[in-house]
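# Architecture and fold: a report
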Amino acid sequence: MKDTKFLEYRRLLVIAENDARDRLAHERPGINIQTHGDAIDNLIEALDREQSITTSMRATEVLRNIHAAFARMADGSYGECAHCGESISPKRLAALPWTPNCIRCQERLDEQQPDTDRLSAA
Ligand SMILES: [Zn+2]
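Residues numbered from 1 in each chain as written. Predicted model: local features only at pLDDT ≥ 70, side-chain atom pairs only at ≥ 80, totals over all residues.

A word on the overall build of the protein. Within the protein one finds four helices and zero strands. In the protein, once contacts between residues fewer than 6 apart in sequence are set aside, the share between residues at least 24 apart is 57%. (Helix = DSSP H or I, 4+ residues; strand = E, 2+ residues; numbered from the N terminus. Contact = placed C-beta atoms within 7 Å.)

Right, here's the structure in full:
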């Protein structure tokens, strides 16, 4: 990988890390279990809480992936798919600089794993 590209992805990762941290810091106060007010208030609070938890979970997951990406940058494996070892396309890295998988492996994983987005709709 060219140094300029590498530095660009590193810059994107730092921005994404700050963004995820901000979101976590912002959402955390929402995760308080309070039961006061009427049923509608409680329902709205429950929905807010669920939204906060979903956002926090996503931000935590992204942070974990970002830290793993920094580790791959340090050991020189950044940009290689963790599953098949092929190069991850620059377009994919520009959109998801923390991704450990190439698009083909990711699609295969997505097929195997239940869609976590559906949990909140259940
Ligand atoms: Zn792959």
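The biggest cluster of nonpolar side chains holds seven residues, and these are Leu 13, Ala 20, Ala 59, Ile 66, Ala 69, Tyr 78 and Trp 98. Elements represented by at least two residues in this core include exactly helix H1 (3–27) and helix H2 (39–75). If one sorts the elements of this core by residue count, H2 sits on top with three residues. (Core = buried A, V, L, I, M, F, W, Y, C linked by C-beta atoms within 7 Å. Buried ≥ 20, exposed ≤ 12 C-beta atoms within 10 Å, placed from the backbone.)

Direction vectors running N to C along H1 and H2 enclose 150°, while the axes themselves pass 9 Å from each other. Regarding the angle of H1 to H2, the classification is roughly antiparallel. Considering only the axes of H1 and H2, their crossing is left-handed. Contact residues: H1 offers Arg 10, Leu 13, Ala 16, Glu 17, Ala 20, Arg 23, Leu 24 and Glu 27, while H2 offers Ser 52, Thr 55, Ser 56, Ala 59, Thr 60, Val 62, Leu 63, Ile 66, Ala 69, Phe 70 and Met 73. Residues that form the contact of H1 with H2 fall into these classes: eleven nonpolar, four polar and four charged. (Axes fitted to C-alpha atoms, helices over the stretch in contact; angles between N-to-C directions. Parallel < 35°, antiparallel > 145°, perpendicular 65-115°, else oblique. Left-handed = near helix turned anticlockwise from the far one by under 90°. Nonpolar A, V, L, I, M, F, W, Y, C, P; charged D, E, K, R; others polar.)

Glancing now at the environment of Glu 17. The topology assignment puts Glu 17 in helix H1. A sequence separation of 50 residues divides Glu 17 from His 67, and the C-alpha atoms of the two residues are 8.4 Å apart. Setting aside residues no more than four positions away along its own chain, Glu 17 makes contact with Leu 63 and Ile 66.

Right, let's get into the confidence of the model for the protein. Residues of the protein with pLDDT of at least 70 account for 85%, and the chain-wide mean is 87. Ignoring residues within four places in sequence, the model shows residues 118–122, a span with pLDDT below 50, making two contacts including any to other chains. (pLDDT = per-residue confidence, 0-100.)

The next thing to look at is the environment of Arg 11. By the element assignment, Arg 11 lies in helix H1. When the C-alpha positions of Arg 11 and Pro 97 are compared, they lie 9.5 Å apart, and in sequence the two are 86 residues distant.

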